[in-house]
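Single-letter residue listing:
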Amino acid sequence: QRALCEFLAGHVKPESGSFKYKDEQIEIFDVKRFMSMGIAYIPEDRNKDGLIGDLSIKENAILCELNNPKIASKLGFIISNECESYARNLCNKYDVRKQSLTQPARLLSGGNVQKLLIGRWLERNPDVIIACQPTRGLDEGAIAAVHAMLIKAKLNEKAVLFVTEDLDELLLISDKISVMYNGSLTEPREAKQ
């Protein structure tokens, strides 16, 4: 499952086969390219792969925005005031509870880390959101917040690939379900049958 998610997000290049996205044959597998195509990836290990724990919340909030001319100049310099404003708005909009924007991101609770990561991607207005085990290890309040964020994205006509091992969770928020077994993916079935 994780390998499938990493492949769909451009983190892994396939050894064989082909990949089409929006009727375009994809030959170059590169994270930045996939981001520019509108693909967001919420990794399974939010602390290892999702953020840089020793960087501040502000710095983590803008990690995906370094090509944004409002955040960084053409020469690559960060525009501090804009970063501060961007991070503050993101945290307020997605209810990331923190002491300050300058605190290390590793000090956030698991739920707040996940809200920061998902919010960071939602601000990019992606077409596809790949969420790999996004609620694993979270408390009930954080799980509800993550579900609400992803359902809202789905209602805004974003494609959400939600990967989890929790069948009840899948039935709660999915339209269609596929099962991966022995490296093969089954045909999708309606979740509400």
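For the structure itself, consult the block above.
What counts as what
Within every chain, residues take consecutive numbers counted from 1 along the sequence as written. This being a predicted model, a pLDDT of at least 70 is required before a residue's local features are given, and a value of 80 or more before pairs of side-chain atoms are given or counted; all residues contribute to the totals for chains, interfaces and linings. Note that the side-chain values use all heavy atoms of the structure and ignore hydrogens as well as water. Paired strands are those between which DSSP finds at least two bridges. Secondary structure is summarised from DSSP: a helix means a run of H or I of at least four residues, a strand means a run of E of at least two, and numbering begins at the N terminus for each. Here, the term right-handed applies to a crossover whose path from the first strand over the helix to the second runs clockwise when the strands point away from the viewer. Only buried residues count toward a nonpolar core. Its members are Ala, Val, Leu, Ile, Met, Phe, Trp, Tyr and Cys residues joined through side-chain atoms within 4.5 Å. Burial classification: accessible surface area is computed with a 1.4 Å probe over protein chains only, and a residue below 20% of its type maximum counts as buried, one above 50% as exposed, and the rest as partly exposed. Contacts are residue-level and defined by heavy atoms, with any inter-residue pair within 4.5 Å sufficient.

> Help me understand the pairing of strand 5 (residues 159-163), please; the structure alone is not making it clear to me.
Note on strand geometry: in a regular strand, side chains alternate between the two faces of the sheet. Pairing between strand 4 (residues 128-132) and strand 5: five bridges, direction parallel. For Ile129, the partnering residue across the bridge sits in strand 5 and is Val160. As for the winding sense of the linkage, the β-α-β connection from strand 4 through helix 7 (residues 140-155) to strand 5 is right-handed.

> Please explain the nonpolar core as it appears in this structure.
Generally speaking, soluble globular proteins have nonpolar side chains that are buried together. Core analysis: the largest hydrophobic core is formed by 38 residues, its most contacted members being Ile42, Ile57, Leu116, Ile118, Leu122, Ile129 and Leu150. Secondary structure elements with two or more residues in this core: strand 3 (39-42), helix 4 (57-61), helix 5 (80-93), helix 6 (110-122), strand 4, helix 7 and helix 8 (167-173). Here this core takes six residues from helix 6, the largest share from any one element. When near neighbours in sequence (up to four residues on either side) are disregarded, Leu150 contacts Ile42, Ile118, Ile129, Ala131, Pro134, Val160 and Phe162. Phe7, Ile26, Ile39 and Val163 belong to the second largest nonpolar core, which has 16 residues in total.

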